[in-house]
Amino acid sequence: MVTPTPAGVPGDPQQLTPAYPVADLTTCESEPIHVPGAIQPHGVLLAVDRSTRRVVVASRNAIELFGDRLGRVPRATLTELMGPELAGRISEAESLDNLEEPLHAELEVGGQAVAVDVVLHASGDRLVVEVEPTPAPDGGVGVSYRATRAAVGRLAGSADVTVLCDRLAREIRILTGFDRVMVYRFDAQWNGEVVAEDRRADLNAFHGLRYPASDIPAQARRLYTENWTRLIADVGYVPSQLQPLLDPGTGAPLDLSHSVLRSVSPIHIEYLKNMGVDASMSVSLIVEGRLWGLVACHHYRGPHRPSYDARSAAEFLGQTASQLIAERVRSRERDQALAAQELMSEVLASVSASGREPLATLIEDQRLLQLLDAGGAAAWDGHQLRTCGQVPPYATLRRIARVLSRQDGAATFTDHLSLLDPGLADVADLAAGALRVGIDGDGWLLWVRPEQPQVVDWGGDPHNAEIARQEGSQVRISPRLSFEKWREVVLGRSTPWRPWHGATAERLRSQVTGIMLGRSRDQITIAETLQRAIVLDEAPMVPGVAVHSRYRPAAGGQLGGDWWDVLPLDEHRIALVVGDVAGHGVAAAAAMAQLRTALRAYLLEGHSPASALDRLDALVATLPGGHTATAVVAVLDHAATGETAGRAVAHEGRGRPAVVELASAGHPAPLLISAGAGHVLDLPSRPMLGLGFGVTSGAAEEVVRLPWPEDALLLLYSDGLVERRDAGLEQTLALLAEAAGRSAADLRGADDAVSADDEPFVLDGVDRQMHALADRLLTAVPGGADDDTTLVLARPRTTSQVRAGRRD
């Protein structure tokens, strides 16, 4: 790393070997800090080939420890360098895969026995052996199991994270003897804050200072996650280069990610010197696999090297503290989530008890804001937007919902909306942050939080690096010389959302969806009951006419406003009706019931089909709820005379043909099926019902009278049979007409080929043909199922066709 690290917080800049370019802003985030090519000189490093047991890479200062024995590198073995006893212990630790535990031993150096700590780790195919002479005590307390256990007990007794961090700083300072120990915590954007500090009384406080994320780039944070501790014993050290620089077996620099002696960047060294720091150490705090923070230690009175045991104990305290922090955070969030759960149960009880639409009831309850500590909330059901609390305009709310939308509707949140959409910066006073969950398809719930201005004390101007980045500077970054506090007011952000907020919103979403589904099922049950009570299950037997009907509900079983009717008007006339109220559910079914009853009354009063539809239009316009509907009426006269038949022509030996009288209000055109062809009947255009077209003096002119041969079928149907999203109505009508004519001809031919003795006492020929034709017509136009579908087929009966159990 080459950028300055936070004041009081050791970063992880690494020594650059001559093989690397001079560091500048553009190389900082890509610097290979795990392969510095050198170590700190208070220890030596050997990289051993694990198969031959010979040293292949060694630090240059190893000669000071091993003398002439190192001259045989890379041929020297560990036994030749360290003696058989220590080499054997190393081999045993390696065979047992016990590289975590350091080895305490003595080596002969210059004719004297020197106590050393031997630390092992694997780096690819190499066994890395780091040897560090044990330092003399210099201010830290003695390390023992009892002392460490007591420190752990004191940490465990802390009531919350704040107290825990304070105690951790104190315990590690006592253990290691540093002049200043701080606990440094990262936020969601990797900016850091000093949240706890224990220091020498004469030092200035760093508690509360913050540092930008650029101070510790991603690759340094990765190494902090892999290595719990990092020591710089003397900022004035001269790096000891590795020889050779490239591993002869791999041709690449030795990876020192897990090395305790790994050299650091000269930029970081310069930074520490500018602060007056002579030695530093860091201990990672890792919560649930993520770098939560650091324990940063600084010394100002010359070099300082705690023993490896003391550093190991500090690492153990850091690991213990990490677990305790995770537990404290989980416990606090669990308590908050449980409180929210109790409140949510009360809110949902109110929603369930209300007979109103669930989202409408929910959004009117002010406890919805308290549930997630929000300033405002909004609910969109796909048709209507409702709000409570302080919210921006409706268009802005929908814009925010789009920014945070996810296809699966799962909870999403941010405390910085303008970062996702700069156009939302203008509404930060009402909605700087937001949380969204999807509800029932296109619907959603949205909570918003206002801007929360925050005064932040930085350890230097946090924008310098970003300004240089934007201007494309190639100038080498030098550590700042001044560490004066730099104050800034941060705007445009709300208080952050916590994970339990998202989990609570998810549970609310699930419960509300369940209530809505239950209401929907109840409505379907009511609608089904209404439909069964009003709409015929099958066509009744009426004299002179064979009638067959089909009804298919929309996808998911959602009932719509379709209805059909057969109504004898007198001895010779029968009315056929197919209608469709827009919408689904109880409201559509209730409106359909009123329309069906009223239309029956108008027709029985003697009104023509057109006149009856005019009166029905006026009625629909008065119904609450703003309903609209379509309908087609056919009055069949199966005993027509030449005068009433108009253009009807008598058929020799068969009497006069029947006549059909038709009128439509916004409904799909009927079909007349005869002679193997389907003909779309062109009826005068009339508006749909409910638009207030009203009764007209020319209603009689809206009626079409046609002859109805006894071998012709009349088809009335609802729009679900022909309306498709991917095809025009003219195209689908043509498909229906062609299929109707072809199918009718096929079925008649098949019926003529069957002997009357094959199926005695079943449907007569006309009924059987109409039944089969209805099956084919339901699938004549591909697609469908988005809307409910009704069709009615009618055909005149001859005297022979009425005989029970006989064929045509």
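Our subject is the structure listed above.
These numbers come from a predicted model, not from an experiment.

In this section: the pattern of salt bridges. Going through the model one piece at a time under the given rule, you end up with 30 salt bridges. Where Glu-94 meets Arg-50, a salt bridge forms, and the shortest distance between an N and an O atom there is 2.7 Å. With Glu-94 in helix H4 (residues 84-95) and Arg-50 in the loop between strand S2 (44-49) and strand S3 (55-59), this pair connects stretches of sequence that are 44 residues apart. The class of Glu-94 is buried, set by a relative accessible area of 14%. Relative accessible area serves as the criterion here: at 32%, Arg-50 is assigned to the partly exposed category. Within this structure, Asp-179, Arg-200, Asp-202 and Arg-301 form a network of salt bridges that share partners.

Attention now goes to the packing of aromatic side chains. In this description, a pair of aromatic rings is defined by centroid distance and the angle of the planes. A full pass over the atoms with the stated rule returns two aromatic pairs. Centre to centre, the rings of Tyr-184 and Phe-186 are 5.3 Å apart; their planes meet at 85 degrees, and the pair counts as edge-to-face. Looking at Tyr-184, the relative accessible area reads 0%, which means it is buried. Overall, the relative accessible area of 8% leaves Phe-186 in the buried class. When the centroid spacing of 5.3 Å and the interplanar angle of 65 degrees are considered together, the rings of Phe-186 and Trp-190 count as edge-to-face. By the ring-pair criterion, three or more aromatic residues cluster together here, those being Tyr-184, Phe-186 and Trp-190. Between the NZ or CZ atom of Arg-180 and the centre of the ring of Phe-206, over which it lies, the distance is 3.8 Å. Over the ring of Trp-380 we find Arg-398; its NZ or CZ atom is 4.1 Å from the centre of that ring.

Our focus in this paragraph is the sheet that holds strand S26 (residues 671-674). Strand order in the open sheet formed by five strands is S21-S30-S29-S26-S27, and the pairing between neighbours is antiparallel. Only two strands of the sheet have a single neighbouring strand rather than two, namely strand S21 (545-552) and strand S27 (677-680). Strand-to-strand twist of the sheet, defined as the mean angle between neighbouring strand axes without regard to direction, takes the value 20 degrees.

Calculation criteria
Residues numbered from 1 in each chain as written. Predicted model: local features only at pLDDT ≥ 70, side-chain atom pairs only at ≥ 80, totals over all residues. Heavy atoms only, no water. Salt bridge = Lys/Arg side-chain N within 4 Å of Asp/Glu carboxyl O. Helix = DSSP H or I, 4+ residues; strand = E, 2+ residues; numbered from the N terminus. Buried < 20%, exposed > 50% of the residue type's maximum accessible area, 1.4 Å probe, protein only. Phe/Tyr/Trp six-rings, centres within 6.5 Å; stacked < 30°, edge-to-face > 60°. Lys NZ or Arg CZ within 6 Å of the ring centre and 35° of its normal. Pairing = 2+ DSSP bridges. Axes fitted to C-alpha atoms, helices over the stretch in contact; angles between N-to-C directions.

From the geometry alone we can't say anything about function, so treat these as descriptive.
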